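Read off the chains here:
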Amino acid sequence: MTHILNAAADRVKWTTRSTAAKRAACLVAAAYALKTLYPIIGKRLKQPGYGKKKEEAYLAAENRQTLHCTETTCKTPSPGVNADFFKQLLELRKILFPKLVTTETGWLCLHSVALISRTFLSIYVAGLDGKIVKSIVEKKPWTFIIKLIKWLMIAIPATFVNSAIRYLECKLALAFRTRLVDHAYETYFTNQTYYKVINMDGRLANPDQSLTEDIMMFAQSVAHLYSNLTKPILDVILTSYTLIQTATSRGASPIGPTLLAGLVVYATAKVLKACSPKFGKLVAEEAHRKGYLRYVHSRIIANVEEIAFYRGHKITELAGYTARVYNMFSVFDEVKRGIYKRTVVIQEPKNHNKNGANIEVPLSDTLPIKGKVIDVDHGIVCENVPIITPTGEVVASKLNFKVQEGMHLLITGPNGCGKSSLFRILSGLWPVYEGVLYKPSPQHMFYIPQRPYMSLGSLRDQVIYPDTVDEMHDKGYTDQDLECILHNVHLYHIVQREGGWDAVMDWKDVLSGGEKQRMGMARMFYHKPKYALLDECTSAVSIDVEGKIFQAAKGAGISLLSITHRPSLWKYHTHLLQFDGEGGWRFEQLDTATRLTLSEEKQKLESQLAGVPKMQQRLNELCKILGEYSVLKTIKIEDEIS
């Protein structure tokens, strides 16, 4: 008996010594880990600019002065798992889950249930594996067979749960993508944002890339990340709880191993973060390059004929996609509110060696939008409205004119003087920086460019664009009415030529230049606006047909605002707005007869003076041969000397 008690005492002493040794080992491992990680962490924290707030990226420029920036101020922060990432993710969450009870919430709950079920199945299978091994060690064949049958039977629900997880992850990603796409396109096509993002703002180089691939990859990354994070976290929590409970039941202390495991996990995360490349930045750069490649290919496809003539030949991933999608929505929102930013190349100060840098300059900083646009029922009135391009260039100073219904305005001037720019302001594409613009609502104004857009669809769709067939019927139009419209523009023959109203073709290639322009005029007769903005829209149409179309438009009660260089169209207008190309302009009543007389005199003088340089050159040659002087040459020399 005494021997047994002594043996028990020795065992207790050994257990105590063993526990102390384990604790000492844990402390030694912790000290070694801190010693190893301290240089890495210290080096990381001492990096230049680490932890500093982002400096101002631009300086306000007055009166178009040159801006200056340095490499630090112009540097764009790379996407990463940081405070900005979580802020962006929370903002996008408001779009993904606009309210508590949504389709996305339902799919998320089902996905979570499937993940939890797989975790409990994994724990049950692990316990079953242990019992199978135990039965083998204890040499109990019947117990082994029973446990093996259970293990095979549990594979059926496990397979179902694994397949369900993949299916629910795809459904969740699809729901996220649907929600984001709906919100993105609703914003993109509101208030002509699609035009302003490309022409007024310079932050999104490839909006089509952001609207398609970036949204798809972001939705997939979010759903995949939730699936990949939820199960490991549940596994760690439940497994740790089971191990701690087992250790406690057997009299062992779980504190040391738990701290050691936590330290190992923390140290591993730090090492990986310090040594891993910036995947978020790489993903964003990859997406940007894909978008640029798609843009270049689209340009090749659009201009293939001209080119031929010239003979030209995971979390970090989610951070990258989050940054791009968040940036897209931010740009859409700011553009809707009239905040535009363009990337310009600016010069460095003299004490820098850089040649220049790219920087985003808000136009509102240099050109505050102080003008007003007021929708009225009748008339177009400009009161001190300048024409300013998206780059900030003043093309024409304060315009003051009034166009009443029944007036027809001819707009003339040299290239680049602001004629088409005025139409962009009247259409609401460009902002009014100063003054007041009174104009009808957009449905009472119709703009026809020199190259009308041919939509995808039937011949009927080309005439009623941008309306649909249902909207056409709601307006009371029939195919017979459309035939009358095509008769007005001398285009009815294409109905028979192309196979009827339901014919679907690539109309931009099927129709000639003149036919496409007449199709644009047909749309004007279909929509019946109060004012039509005609920008060289009949330059490829014969003069006789062009005159009949303009006369029919006046007969329909449409006020014409026309940009044209053809004198044959002057007689269809009552007033003139003429730009001089140097910022000046004049508005007056058009005297067609007088203007035609002056135009003929100008052409006659041009033809007479065209031969003067050759005559002067021949006179100089004769004087040189004869060794004589000419009176005209003498006068010219004296004028040059004086």
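Everything numeric in this text was worked out from a predicted model, so none of it was measured.

Would you explain the nonpolar core in this entry?
Considering soluble globular proteins, one finds that nonpolar side chains tend to be buried as a cluster. Counting residues in hydrophobic clusters, the biggest one holds 62 residues, and the most contacted among them are Phe218, Met328, Leu426 and Leu561. With nine residues, helix H11 (residues 315-336) is the largest single contributor of residues to this core. With sequence-adjacent residues up to four places away left out, leucine 426 is seen in contact with Ile380, Leu437, Lys439, Met445, Leu533 and Leu561. Membership of the second largest hydrophobic core comes to 37 residues, among which are Leu459, Leu486, Val489 and Ile558.

Can you walk me through helix H16 (residues 479-488) in this structure?
In an α-helix, one turn spans 3.6 residues, which is why side chains three or four residues apart end up on the same side. Among the residues making up H16, those that are buried are Leu482, Ile485 and Leu486. The buried residues of H16 occupy an angular sector of 100 degrees when projected down its axis, which confines them to one face. The inward-facing, buried residues of H16 abut helix H14 (459-464), helix H15 (469-474), helix H17 (493-498) and helix H19 (513-527). One or two steps after H16, the chain reaches histidine 490, where phi turns positive at roughly 55 degrees.

How should I be thinking about the packing of aromatic side chains in this particular structure?
To describe a pair of aromatic rings, you give the distance between the ring centres and the angle between the ring planes. For the coordinates displayed, the defined rule picks out 12 aromatic pairs. On the basis of an interplanar angle of 50 degrees and a centroid distance of 5.7 Å, the ring pair of phenylalanine 189 and tyrosine 194 is categorised as tilted. Judged by relative accessible area, which is 35%, tyrosine 194 ranks as partly exposed. Residues phenylalanine 423 and tyrosine 447 carry aromatic rings whose centres are separated by 6.1 Å and whose planes lie at 75 degrees to one another, so their mutual orientation is edge-to-face. Of this pair, phenylalanine 423 sits in helix H13 (residues 419-426) while tyrosine 447 sits in strand S8 (residues 445-448), and the two are 24 residues apart along the sequence.

Would you mind showing me how to read helix H5 (residues 141-188) here?
In this model, H5 (48 residues) spans 69 Å end to end at C-alpha, consistent with the 70 Å of a helix rising 1.5 Å per residue. Of all bends in H5, the biggest is about 25 degrees, found at isoleucine 156, and the proline proline 157 comes one to four residues later.

Just to check I follow, could you spell out the environment of tyrosine 188 for this structure?
Counting through the fold element by element, tyrosine 188 comes out in helix H5. Residue classification places tyrosine 188 among the buried residues on the basis of a relative accessible area of 10%. Here the alpha-carbon distance between tyrosine 188 and proline 207, two residues 19 residues apart in the chain, equals 9.5 Å.

Can you walk me through the sheet that holds strand S4 (residues 380-388) in this structure?
Backbone hydrogen bonds are what pair the strands of a sheet, in a parallel or an antiparallel way. Ordered by their spatial adjacency, four strands build an open sheet running S3-S7-S4-S5, and the pairing between neighbours is mixed. Lying at the two open borders of the sheet, with one neighbouring strand each, are strand S3 (372-375) and strand S5 (394-403). Averaged over all pairs of adjacent strands, the angle between their axes in this sheet comes to 25 degrees, without regard to strand direction. As judged from the four bridges shared by S3 and strand S7 (residues 436-439), these two strands associate in the parallel manner. Across the sheet, the residue bridging to isoleucine 374 is tyrosine 438, located in S7. With respect to the sheet, H13 is in contact with S4, S5 and S7, its orientation differing from that of S4 by roughly 120 degrees.

Can you walk me through the pairing of strand S12 (residues 585-589) in this structure?
Within a regular strand, the side chains alternate between the two sheet faces. Inspection of the sheet shows strand S11 (residues 575-579) paired to S12 by five bridges, in the antiparallel sense. Looking across to S12, one finds that leucine 577 is bridged to phenylalanine 587. Connecting the antiparallel pair S11 and S12 is a turn made up of five residues, with glycine 581 showing a positive phi of about 85 degrees.

Would you explain the pattern of salt bridges in this entry?
Pairing is possible between side chains of opposite charge, provided their charged atoms come close. Under the definition given, this model contains 15 salt bridges. The closest approach of N and O atoms between aspartate 502 and arginine 460, which form a salt bridge, is 2.8 Å. Residue aspartate 502 is found in the loop between H17 and helix H18 (507-510), and its partner arginine 460 is found in helix H14; the two are separated by 42 residues along the sequence. Exposure remark for aspartate 502: the relative accessible area of 58% places this residue in the exposed category. Residues joined in a network through salt bridges with shared partners are Arg460, Asp479 and Asp502.

Looking at this model, I keep getting lost on the sheet that holds S8. Mind explaining?
A sheet is described by the order of its strands in space; here six strands give the open sequence S8-S9-S10-S6-S11-S12, paired in mixed fashion. Looking at strand neighbours, the two that pair on one side only are S8 and S12, the edges of this open sheet. Taking the axes of each pair of neighbouring strands and ignoring which way they run, one obtains an average angle of 15 degrees across the sheet. The sheet contact formed by S8 and strand S9 (residues 531-535) spans four bridges and is parallel. Residue methionine 445 lies in a different strand from S9, and its bridge partner there is tyrosine 531. Where H19 meets the sheet, it contacts S8 and S9, and its direction lies at approximately 170 degrees from that of S8.

Can you help me understand the environment of arginine 523 in this one?
Its place among the elements puts arginine 523 in helix H19. With a relative accessible area of 5%, arginine 523 lands in the buried category. With 41 residues separating them along the chain, arginine 523 and leucine 482 place their C-alpha atoms 9.7 Å apart. In this structure arginine 523 touches Phe446, Pro452, Tyr453, Met454, Ser455, Gln462, Val463 and Tyr465, once residues within four positions along its chain are discounted.

Conventions used here
- Residues numbered from 1 in each chain as written.
- Predicted model: local features only at pLDDT ≥ 70, side-chain atom pairs only at ≥ 80, totals over all residues.
- Heavy atoms only, no water.
- Core = buried A, V, L, I, M, F, W, Y, C linked by side-chain atoms within 4.5 Å.
- Buried < 20%, exposed > 50% of the residue type's maximum accessible area, 1.4 Å probe, protein only.
- Helix = DSSP H or I, 4+ residues; strand = E, 2+ residues; numbered from the N terminus.
- Contact = heavy atoms within 4.5 Å.
- Arc of directions from axis to C-beta.
- Phe/Tyr/Trp six-rings, centres within 6.5 Å; stacked < 30°, edge-to-face > 60°.
- Expected span 1.5 Å × (residues − 1).
- Bend = angle between axes of the 7 residues up to and from the residue.
- Pairing = 2+ DSSP bridges.
- Axes fitted to C-alpha atoms, helices over the stretch in contact; angles between N-to-C directions.
- Salt bridge = Lys/Arg side-chain N within 4 Å of Asp/Glu carboxyl O.

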